[in-house]
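Here's the letter readout for the chains.
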Amino acid sequence: MGSSMKAGNRLSPRNSFTRALYLTITCVVLVLYTLRPSSPPKMEVLRPHVNHASNETQRHPYSCLFNGSHLYDLQQRYNLGDSIEYGHRYVRFHRQDIERESITKVDHELFPQGFEQIDINNPPRTTHCLKPLDISVPRSPYPRSVDASDLLFGISTTYDRLTDPETGPMKEWAHWLTDGQGKSNGAGLVLRLIDASQEEIDEATHKMYSLGIDVKVYAAESSIEMAKRYLSLLPALYSDTSIRQRKFLVMCDDDTFYPSMHSLLNRLSEFDSTTDLYIGTLSEDINNIQRHGSQAFGGAGVFFSLSLAEKVAGLFDECSTQEKIDESDTGWGPQGDILLRKCIYEHTDVTLTMIRELHQLDIQGDPAGFYEAGLAPLSLHHFKGGVWHKAHPWEGAQVIHACGEDCFLQRFQFSDDFIISNGFSIAYYPKGVDFNLHQMEKTFGAAPDDYGWNLDFMLGPQRKNLLWTGKKAAWELQESQVQGEGMVRQTYIRKLNDPRWTYGKGGSKMFERDGVLELIWIPS
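Just so you know, these numbers come straight off a predicted model, no measurement behind them. Here the residue index of a chain counts from 1 through its sequence in written order. Only residues with pLDDT of at least 70 are given local features in this predicted model, and only at 80 or more are side-chain atom pairs given and counted; all residues enter the totals for whole chains, interfaces and linings. The side-chain numbers reported here are obtained from all heavy atoms of the structure, hydrogens and water having been left aside.

Chemist: Can you tell me about helix α6 (residues 198-210), naming the residues and giving the values?
Modeler: With 13 residues, α6 should reach 18 Å at 1.5 Å per residue; the first-to-last C-alpha distance of 18 Å fits that figure. Along α6, the positions that sit buried rather than exposed are Ile201, Ala204, Thr205 and Met208. Projected onto a plane normal to the axis of α6, the buried residues spread over an arc of 100 degrees and lie on a single side. Residues of α6 that are exposed and point more than 90 degrees away from the buried face comprise Glu199, His206 and Ser210. Strands are runs of DSSP state E lasting at least 2 residues, helices are runs of H or I lasting at least 4, and numbering of each runs from the N terminus. Where α6 terminates, the next one or two residues include Gly212, which has phi positive at roughly 95 degrees. One less than the residue count of a helix, multiplied by 1.5 Å, gives the span that helix is expected to have. Type-normalised accessible area, obtained with a 1.4 Å probe on protein chains alone, sets the label of each residue: buried when under 20%, exposed when over 50%, and partly exposed for intermediate values. This arc corresponds to the set of directions leading from the helix axis out to the C-beta atoms.

Here's what the structure looks like:
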């Protein structure tokens, strides 16, 4: 009988067979590893932060108690029914060194338990007690740190418009002329009140001083043609005693809003203010450009370097003759923007420098498509309703006192098909988000002639809207309140009788009750 080999000996590393086997296996593994397919690129998704600290140790502990009196007040202000659908969520933001994206995906549900049905006359003691939702945001600056002393603004309006309890602009002006805490941010304002009495001038001055606005108020005469009165505002700015500390003089309308002053100043810093500069933007409506000309449209804000302002001031008499005023009339009455552009173009080599993030907003109807597009606008205009659209940018921009300037209108998409357009709406897509979020939804139109493509040049071709389709519903911001250091409460409301949220025009409603959704932004 031949001798037998034990298993241990057969696999011994000293055995030539074993060494050959090990080498073969190693080579095969290396070849397979080399030939493996590369991993497909992954879409970056922000996952919830895990905070293991107990509620008691949090800087901002959250409460599950239901505020019935607050909801009753909302009912009175917005004519809500007695029975509503209610949702409430704390959003804990984490300021990080990341870029502001057009859309940020969050791997979490916004309302995992749905909504509560609330009887306002008999409210519960507590609401759904969800843990705060953690979200990453860019580490953008706060209004309290801005130095806007490079800017001197000029506005013309009436005392009645200034003090209108519904549409008066003073709190909006305070947003971009102060630090948000009752002190000037360094920017100045020259205000002209048309046909105002001395008493009205004094009262307006006092009210704006109390808000922290550095303002000088003067009377203007309505007997002077509007276009000429508008042009004369630039020489008035140039003659202001604060001119030596300024780099840009700015003319805008009383319904112009600058949501992010740091961003505006950073954009202006890209230009050499010692050269002749005429900065602004065109109308979004190509009809208006054809009608009035290629020029800065004043509602978006027009910015002048001091050297160009000096030249226009010296040319005022020559540029404001009756002949020139008549030439500025394109069928809609003499236009100040045209008179200004003609003065610059006919006497200098300067042409318009475009900043597309400034917005004239010559749009009508539902503005949701614009405000839900994830933009970071440097100016907004025509948001008071009437002929134009209606929105609440001052209310919306209050969130920047919590999470910074980049938060306003930043979009967050959640796994349960909700999208927050921060400071404008919370939209729900019950059939999923199966469309291009990088296109605006065409919820609005142009006026007076809408050919369907009027706005494409400035806003890009818009995707088909989802109104009346049952594929979308939105709760839109109505109120926003700063609640202590770094906290802001937002109230978004959807009305039962809103005709947009139906299955077909005039069809059955998507909901059975009014809806209120509230977000409370708290720092980490």
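Chemist: Would you mind going over the sheet that holds strand β7 (residues 215-220) in detail, with residue names and values included?
Modeler: The pairing criterion for strands is at least two bridges between them, as found by DSSP. Strand order in the open sheet formed by seven strands is β7-β6-β5-β8-β10-β9-β11, with mixed pairing between adjacent strands. Sheet topology places β7 and β11 (353-354) at the edges, where each strand pairs with a single neighbour. Pairing of strand β8 (residues 248-251) with strand β10 (residues 302-305), which is carried by four bridges, proceeds in the antiparallel orientation. Within β10, the residue paired with Leu249 across the bridge is Phe304. Residue contacts are counted whenever heavy atoms from the two residues lie within 4.5 Å of one another. Note on geometry: axes are lines fitted to C-alpha atoms, helical ones only across the stretch in contact, with angles between N-to-C directions running from 0 to 180 degrees. Sitting on the sheet, helix α5 (residues 170-177) is in contact with β5 (151-157) and β6 (188-194), with an inclination near 170 degrees to β5. Lying over the sheet, helix α9 (residues 261-268) contacts β5, β8, β9 (278-280), β10 and β11, oriented at roughly 115 degrees with respect to β5.

Chemist: Quick rundown of the environment of Cys407? Include the residues and the values.
Modeler: Take Cys407: it is sitting in the loop between α17 (400-403) and β13 (411-414). On the basis of relative accessible area, Cys407 is assigned to the buried category, the value being 0%. Sequence-distant contacts of Cys407, defined by excluding residues within four places in its chain, comprise Val137, Val399 and Asn422.

Chemist: Can you tell me about the packing of aromatic side chains, naming the residues and giving the values?
Modeler: Any two rings among Phe, Tyr and Trp, with Trp reduced to its six-membered ring, count as a pair given centres within 6.5 Å; such a pair is stacked if its planes are under 30 degrees apart, edge-to-face if over 60, and tilted if neither. Scanning the model with the defined rule gives 20 aromatic pairs in all. Plain terms: the ring middles of Phe418 and Tyr428 are 4.6 Å apart, the flat faces sit at 25 degrees to each other, and that makes the pair stacked. Within this pair, whereas Phe418 is found in strand β14 (residues 418-421), its partner Tyr428 is found in strand β15 (residues 425-428), the two being separated by 10 residues in sequence. Accessibility expressed as a relative area gives 24% for Tyr428, which makes it partly exposed. Each residue in the set Phe111, Phe115, Phe418, Tyr428, Trp475 and Phe511 is aromatic and connected to the rest through ring pairs, giving one cluster.

Chemist: Describe the side chain of Lys472, listing the residues and the values that go with them.
Modeler: Tracing the sequence through the fold places Lys472 in the loop between α18 (456-459) and β17 (473-482). The class of Lys472 is buried, set by a relative accessible area of 1%. Among the polar contacts listed, one links the side chain of Lys472 to the side chain of Glu372, at a separation of 2.8 Å. Whenever a nitrogen or oxygen atom comes within 3.5 Å of another N or O atom, the pair is scored as a polar contact, on the condition that within protein one atom can donate a hydrogen and the other can accept it, and that pairs from neighbouring residues in sequence are kept only if both atoms are in side chains. Side-chain polar atoms of Lys472 contact the side chain of Glu441, separated by 2.8 Å. Leave out the neighbours within four places in its chain, and Lys472 touches Ala368, Glu372, Ala427, Tyr428, Tyr429, Pro430, Glu441, Leu466, Trp501 and Met510.

Chemist: I'd like a description of the state of the cysteines, backed by residues and values.
Modeler: To count as a disulfide, a pair of cysteine sulfur atoms needs to be within 2.5 Å. Counted under the stated rule, the structure contains three disulfides. Covalently, Cys403 is tied to Cys407 through a disulfide, its sulfur atoms 2.3 Å apart. Across the pair, exposure class does not vary: Cys403 and Cys407 are buried alike. Bonded cysteines in the protein are paired 1-2, 3-4, 5-6 when counted in the order they occur along the chain.

Chemist: Give me the lowdown on the side chain of Thr256, citing residues and values where you can.
Modeler: In this fold, Thr256 is placed in the loop between β8 and α9. Residue classification places Thr256 among the buried positions, given a relative accessible area of 0%. Here Asp253 takes part through its backbone nitrogen, which lies 3.0 Å from a polar atom of the side chain of Thr256. Engagement of the side chain of Thr256 in a polar contact is seen with the backbone oxygen of Gly299, the distance being 2.7 Å. Those residues in contact with Thr256, other than ones at most four positions away along the chain, are Trp176, Gly298, Gly299, Ala300, Leu380 and His381.

Chemist: An account of the confidence of the model for the protein is requested, with residue identities and associated values reported.
Modeler: A residue's pLDDT is the confidence the predictor assigns to it, expressed on a 0 to 100 scale. Confidence in the prediction for the protein averages 90 pLDDT; 88% of positions are at 70 or higher. Counting contacts from residues 1-22, a segment whose pLDDT is below 50, to residues more than four positions away or on other chains yields 11 contacts.

Chemist: Tell me about a nonpolar patch on the surface, and name the residues and values.
Modeler: On the surface, Ile286, Tyr451, Trp453 and Phe457 cluster together into a nonpolar patch covering about 430 Å² of accessible area. Residue placement: Tyr451 occurs in the loop between β16 (444-445) and α18. Residues enter patches when they are more than 30% accessible in relative terms and free of salt bridges; like-charged ones are connected within 9 Å and nonpolar ones (Val, Leu, Ile, Met, Phe, Trp, Tyr) within 5 Å. Throughout, the Shrake-Rupley method with a 1.4 Å probe supplies accessible areas, and for residues the shown protein chains are the sole cover considered. For this document, the term salt bridge refers to a Lys or Arg side-chain nitrogen within 4 Å of an Asp or Glu carboxyl oxygen.

Chemist: Which residues make up the pattern of salt bridges, and what are the values?
Modeler: Overall, the coordinates contain 22 salt bridges when judged by the stated rule. Note that Glu327 and Lys324 form a salt bridge whose closest N and O atoms lie 3.5 Å from each other. With Glu327 and Lys324 both in helix α13 (residues 322-327) and three residues apart, this pair spans about one turn of that helix. A salt bridge links Asp498 to Arg500, with the nearest nitrogen and oxygen atoms 2.6 Å apart. Summarising the burial analysis for this pair, Asp498 and Arg500 share the class buried. One connected set of salt bridges, linked through shared partners, spans Lys324, Glu327, Lys342 and Glu346.

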